[in-house]
Amino acid sequence: MQIFATFEYSPFVEIAITELEEKGITAIYAVPLDLRKKEPRLLDSIHRADGLSFIDKGMIFAFLFGTIGASKGFVWQGGPIIWGIVGAVSGFVIGVSLSGFIYLLKRNKKQHQLKKGKKGDVILIVTCEDNQASVVEDILWDHKALGLARTR
């Protein structure tokens, strides 16, 4: 039987491996996963989207500022149409700028974590007998496994 477990890279992985070896299980294979080296693309295509959008906030701010501009345009010189367009354009620019600023803050925070030495996850593959499977699972869960799977 094989048991697959995923861990965040930490001393708990080493302790779990040591405990498994003390129980007589020697067929243990650990595979560290690499972290993403490239930044994801900023613009999405029709076939690939990552859920990151810059124009969402821009459209919301364009609607808000356009509505305010049009309503104030009845009082201001130039009329509601001109001030509605000015408000929509300025709101869109503010919203896109805000999204870009937030994106840069998050990206710099992630890069700072990478520089601090954040490691990737580790996949642990343990081959054992059927009667040892419950003991192996208990050891892996006790040492903060993220997930576990059994195969025969």
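Everything here concerns the structure above.
Rules used throughout
- Residues numbered from 1 in each chain as written.
- Predicted model: local features only at pLDDT ≥ 70, side-chain atom pairs only at ≥ 80, totals over all residues.
- Heavy atoms only, no water.
- Patch = residues over 30% accessible without salt bridge, like charges linked within 9 Å, V, L, I, M, F, W, Y side chains within 5 Å.
- Areas by Shrake-Rupley, 256 points an atom, 1.4 Å probe, with all protein chains shown as cover.
- Salt bridge = Lys/Arg side-chain N within 4 Å of Asp/Glu carboxyl O.
- Helix = DSSP H or I, 4+ residues; strand = E, 2+ residues; numbered from the N terminus.
- Buried < 20%, exposed > 50% of the residue type's maximum accessible area, 1.4 Å probe, protein only.
- Phe/Tyr/Trp six-rings, centres within 6.5 Å; stacked < 30°, edge-to-face > 60°.
- Contact = heavy atoms within 4.5 Å.
- Polar contact = N/O pair within 3.5 Å; in protein donor to acceptor, adjacent residues only side chain to side chain.
- Core = buried A, V, L, I, M, F, W, Y, C linked by side-chain atoms within 4.5 Å.
- Axes fitted to C-alpha atoms, helices over the stretch in contact; angles between N-to-C directions.
- Parallel < 35°, antiparallel > 145°, perpendicular 65-115°, else oblique.
- Left-handed = near helix turned anticlockwise from the far one by under 90°.
- Nonpolar A, V, L, I, M, F, W, Y, C, P; charged D, E, K, R; others polar.

Undergrad: I tried to follow a nonpolar patch on the surface on my own but got confused; where do I start?
TA: Side chains of I55, M59, I81, I85, V89, F92 and V93 sit close together on the surface and give an oily, nonpolar patch of about 660 Å² of accessible area. Looking at the nonpolar patch element by element, the count peaks at five residues for helix 3 (residues 79-115). Summarising the element assignment, M59 is placed in helix 2 (residues 55-73). Classification of M59 as partly exposed rests on a relative accessible area of 48%.

Undergrad: When you look at the packing of aromatic side chains in this model, what are you seeing that I'm missing?
TA: Describing an aromatic ring pair means giving the distance of the ring centres and the angle of the ring planes. Tallied over the full model, the rule gives two aromatic pairs. A centroid spacing of 5.0 Å and a plane angle of 75° characterise the contact between W76 and W83, whose relative ring orientation is edge-to-face. Under the relative-accessibility criterion, W83 is labelled partly exposed at 29%.

Undergrad: Is there a simple way to think about the environment of L124 in this case?
TA: When you line up the elements, L124 lands in strand 3 (residues 121-127). For L124, a relative accessible area of 0% gives the class buried. Sequence separation between L124 and Y29 is 95 residues; the distance between their C-alpha atoms is 5.8 Å. Among all residues touching L124, those that are not within four sequence positions of it are I3, F4, A5, F7, I17, I28, Y29, A30 and L140.

Undergrad: Hey, could you run me through the side chain of E137 in this one?
TA: When you line up the elements, E137 lands in helix 4 (residues 133-142). Look past the residues within four positions of E137 in its chain and what remains in contact with it is I3, L148 and R150.

Undergrad: For this particular structure, what's the right way to read the side chain of H143?
TA: Looking at where H143 falls in the secondary structure, it is placed in the loop between helix 4 and strand 4 (147-151). On the accessibility criterion, H143 (8% relative accessible area) is buried. Side-chain polar atoms of H143 contact the side chain of E19, separated by 3.0 Å. Leaving out residues up to four positions away in the same chain, H143 has contacts with F7, F12, I15, A16 and E19.

Undergrad: Just checking my understanding: could you explain the nonpolar core for this structure?
TA: One recurring pattern in soluble globular proteins: nonpolar side chains tend to sit buried together. With 18 residues, the main nonpolar core has I3, F7, L20, L124, V136 and L140 as its most contacted residues. Contributions of two or more residues to this core are made by strand 1 (2-8), helix 1 (11-22), strand 3 and helix 4. In contact with V136, other than residues within four places in its own chain, are I3, L20, I25, V126 and C128.

Undergrad: It is not clear to me how the packing of helix 1 against helix 4 should be interpreted in this structure. Could you clarify?
TA: A pair of packed helices is characterised by two quantities: the angle between their axes and the separation of those axes. Between helix 1 and helix 4, the least distance of the axes is 9 Å, while the angle of their chain directions is 155°. Considering their axes alone, helix 1 and helix 4 lie roughly antiparallel with respect to each other. Like other packed secondary-structure pairs, helix 1 and helix 4 cross with a definite hand, here right-handed. The residues of helix 4 that touch helix 1, namely those facing A16, E19 and L20, are V136, I139 and L140. Split into classes, the residues belonging to the contact of helix 1 with helix 4 amount to five nonpolar, no polar and one charged.

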